[in-house]
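Residue-level listing of the chains:
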Amino acid sequence: MAAIPSVKLAGEETAMPVIGMGTASFPAAGLEATKAAVLEAIKAGYRHFDTAFAYGSEKALGEAVAEALRLGLVESRSDLFITTKLWASFSGPGQVVPACKMSLQNLKLEYVDMYLIHWPVRMTEMVWKTPVPEELVQSLDMKVVWEGMEECVNLGLTKRIGVSNFSCNFLDQILSIAKIPPAVNQVEMNPFWQQKKLRDFCKEKGIHITAYSPLGANNTKWGDNRILGNDVLADIAKSMGKTTAQVALRWVYEQGVSIASKSFNKERMRQNLEIFDWCLSEEDLDKISQLPQTKGVTLAAVLGPHPLVLEIDASL
Ligand code: A2P
């Protein structure tokens, strides 16, 4: 396997592995299966793991990390890059630091490498079912939530902070008040949702993009097979002796973007790392640039089609 490259994040030399293993599964795989998949991923060479309070996978990831350290699969905690995310119900005044501590408790870690605001929205109560009652869904007070995020850095609970699902407009709001700017914006990105405008904006502002759903989250409630079942990508893959998934992941990587991709299957998770010692031709890149664009993941699917939620979806 070719070595996994790293990305430098704004203003620092330490690096984030360019591909991370996503831990959100549908239907939820459960603690033991998630833990086993993470251990398998560590054996395969993954060092970057992506979780969130809302995925319910923090505990499994934490147990797998502890086990990997016990087994000597990794030498020290600092060899791993762990991202987790602040859920929308914890973004009010005084809630961010306790939420980060709760995630650390789930993970049984002293710090995470990256803490992201999961969505640019606030819920005034924790509700697990969809749709969330409309009166619980509010605009995010950026100053309140970002000061809380910065406090997490100052307390040593996270090495870095960032956001997820943020449009250029939401990023501008954060940048106008930030003492610590967001290092990362994690968004849906793949050949069918290429995010050109957002990528240009983030490049200019020094914010690194991580792509989630790089394979279209096939077989989940929020995804489909428009990538893995696409003929253009399949033809490119065939001509190169690669798989369609590898072509999609390689395309993301070639855009200077890092990847959070989920596979709990031993062969496929290994296959997804085999993308660093070959490249797509100009002709193939041109074909991919012409693919029709459709967004897959919506906040409305998570919270319900409320006016504020639809407004946020339209901005992303
Ligand atoms: P599995 O875990 O069974 O491998 P995304 O990364 O866009 O969220 O997509 C994740 C989905 O794609 C999961 O259903 C995962 O299933 C599947 N997947 C991951 N890697 C591959 C691959 N190399 N080939 C086919 N399907 C894949």
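Relevant structure appears above.
Residues numbered from 1 in each chain as written. Predicted model: local features only at pLDDT ≥ 70, side-chain atom pairs only at ≥ 80, totals over all residues. Heavy atoms only, no water.

Chemist: Hey, could you run me through the pattern of salt bridges in this one?
Modeler: Opposite charge on two side chains makes pairing possible when the charged atoms of those side chains draw close. Tallied over the entire structure, the rule returns 14 salt bridges. In this structure, the salt-bridge partner of Arg226 is Glu188, at a minimum N-O distance of 3.3 Å. Of this pair, Arg226 sits in the loop between β11 (208–212) and α7 (231–240) while Glu188 is found in strand β10 (residues 184–188), placing the two residues 38 residues apart along the sequence. Given a relative accessible area of 15%, Arg226 falls into the buried group. A single salt-bridge network, built from bridges that share partners, covers Glu188, Asp224, Arg226 and Lys295. (Salt bridge = Lys/Arg side-chain N within 4 Å of Asp/Glu carboxyl O. Helix = DSSP H or I, 4+ residues; strand = E, 2+ residues; numbered from the N terminus. Buried < 20%, exposed > 50% of the residue type's maximum accessible area, 1.4 Å probe, protein only.)

Chemist: Would you mind showing me how to read the packing of aromatic side chains here?
Modeler: Both the distance between ring centres and the angle between the ring planes are used here to describe each pair of aromatic rings. As enumerated under the stated definition, the model contains five aromatic pairs in all. Relative to Phe90, the ring of Phe53 has its centre 5.2 Å away and its plane inclined at 85°; by these criteria the two rings are edge-to-face. Taken together, the positions of Phe53 in the loop between β4 (48–50) and α2 (58–71) and Phe90 in the loop between β5 (81–86) and α3 (96–107) put the pair 37 residues apart, joining distant regions of the chain. Here the two residues Phe53 and Phe90 agree in accessibility, since each one is buried. Note on Phe53 and Trp128: the rings are 6.0 Å apart at their centroids and 25° apart in plane angle, and the pair reads as stacked. Pair noted here: Phe53 is in the loop between β4 and α2 and Trp128 is in the loop between β7 (122–123) and β8 (137–138), with a separation of 75 residues, a long-range link. Residue Phe53 is classed as buried on the basis of its relative accessible area, which comes to 14%. Members of the aromatic cluster, each reached through a chain of ring pairs, are Phe53, Phe90 and Trp128. (Phe/Tyr/Trp six-rings, centres within 6.5 Å; stacked < 30°, edge-to-face > 60°.)

Chemist: I keep staring at the pairing of strand β3 (residues 19–22) and nothing clicks. Help me out?
Modeler: Each regular strand carries side chains that alternate between the two faces of the sheet. Here β3 shows no split at all, with Ile19 and Met21 on one side and Gly20 and Gly22 on the other all buried. Bridging between β3 and strand β12 (residues 258–261) involves three bridges; their strand directions are parallel. Counterpart to Met21 in the pairing with β12 is Ser261. With two bridges connecting them, β3 and β4 associate as parallel partners. Counterpart to Met21 in the pairing with β4 is Phe49. Handedness of the β-α-β unit built from β3, helix α1 (residues 31–44) and β4 comes out right-handed. (Pairing = 2+ DSSP bridges. Right-handed = clockwise from strand over helix to strand, strands pointing away.)

Chemist: I keep staring at the packing of helix α5 (residues 168–175) against helix α6 (residues 196–205) and nothing clicks. Help me out?
Modeler: Between two packed helices, the angle of one axis relative to the other and the distance separating the axes together describe the packing. Relative to each other, α5 and α6 sit at 20°, their axes nearing to 10 Å. Considering their axes alone, α5 and α6 lie roughly parallel with respect to each other. Of the two possible hands of crossing, α5 and α6 adopt the one that is right-handed. Across the interface between the two elements, Cys168, Leu171, Asp172 and Leu175 from α5 touch Lys197, Leu198, Phe201, Cys202 and Lys205 from α6. Per-class residue counts for the contact of α5 with α6 are six nonpolar, no polar and three charged. (Axes fitted to C-alpha atoms, helices over the stretch in contact; angles between N-to-C directions. Parallel < 35°, antiparallel > 145°, perpendicular 65-115°, else oblique. Left-handed = near helix turned anticlockwise from the far one by under 90°. Contact = heavy atoms within 4.5 Å. Nonpolar A, V, L, I, M, F, W, Y, C, P; charged D, E, K, R; others polar.)

Chemist: I'm lost on the sheet that holds strand β9 (residues 161–164) in this one. Help?
Modeler: Two strands in a sheet stick together by hydrogen bonds in their backbones, pointing the same way (parallel) or opposite ways (antiparallel). An order of β3-β4-β5-β6-β9-β10-β11-β12 is seen for the eight strands of this closed barrel, with the pairing classed as parallel. On average, each strand axis in the sheet is tilted by 25° relative to the strand beside it, whichever way the strands run. Here β5 pairs with strand β6 (residues 114–117) via four bridges, running parallel. Within the sheet, the bridge partner assigned to Thr84 lies in β6 and is Tyr115. Lying over the sheet, helix α8 (residues 244–254) contacts β11 and β12, oriented at roughly 145° with respect to β12.

Chemist: How should the nonpolar core be read in this particular structure?
Modeler: The nonpolar side chains of a soluble globular protein tend to be buried, and buried together. Grouped together as the largest cluster of nonpolar side chains are 101 residues, with contacts concentrated most on Phe49, Tyr115 and Ile117. If sequence neighbours within four positions are ignored, Ile117 has contacts with Leu86, Leu140, Val145, Trp146, Met149, Gly162, Val163, Ser164, Phe166 and Ile174. (Core = buried A, V, L, I, M, F, W, Y, C linked by side-chain atoms within 4.5 Å.)

Chemist: Whenever I open this one, the site of the ligand confuses me. Can you help?
Modeler: Around the ligand sit 16 residues, and of these Leu215, Asn218, Lys262, Ser263 and Arg268 come closest. Within the backbone of Gly216, one N or O atom sits 3.2 Å away from an oxygen atom of the ligand. Take Ser261: an N or O atom from its side chain is 2.9 Å from an oxygen atom of the ligand. Burial of the ligand by the protein chains amounts to 83% of its free accessible area of 570 Å². Along the lines of polarity and charge, the residues of the shell around the ligand split into six nonpolar, eight polar and two charged. (Near = heavy atom within 4 Å. Polar contact = N/O pair within 3.5 Å; in protein donor to acceptor, adjacent residues only side chain to side chain. Areas by Shrake-Rupley, 256 points an atom, 1.4 Å probe, with all protein chains shown as cover.)

Chemist: How should the environment of Lys8 be read in this particular structure?
Modeler: The residue Lys8 is located in strand β1 (residues 6–8) in this model. Taking the C-alpha atoms as reference points, Lys8 and Ala183, separated by 175 residues in sequence, lie 9.9 Å from one another.

Chemist: Looking at this structure, I do not really get the packing of α1 against α2. What am I missing?
Modeler: For the pair α1 and α2, interaxial distance at closest approach is 8 Å and the crossing angle is 45°. By the angle between their axes, α1 is oblique relative to α2. The way α1 lies across α2 gives a crossing that is right-handed. Here Leu31, Thr34, Lys35, Val38, Leu39 and Ile42 of α1 lie close against α2, whose contacting residues are Lys59, Ala60, Leu61, Glu63, Ala64, Glu67 and Ala68. In the contact of α1 with α2, the residues fall into eight nonpolar, one polar and four charged.

Shape is all these values report; function is a separate question.
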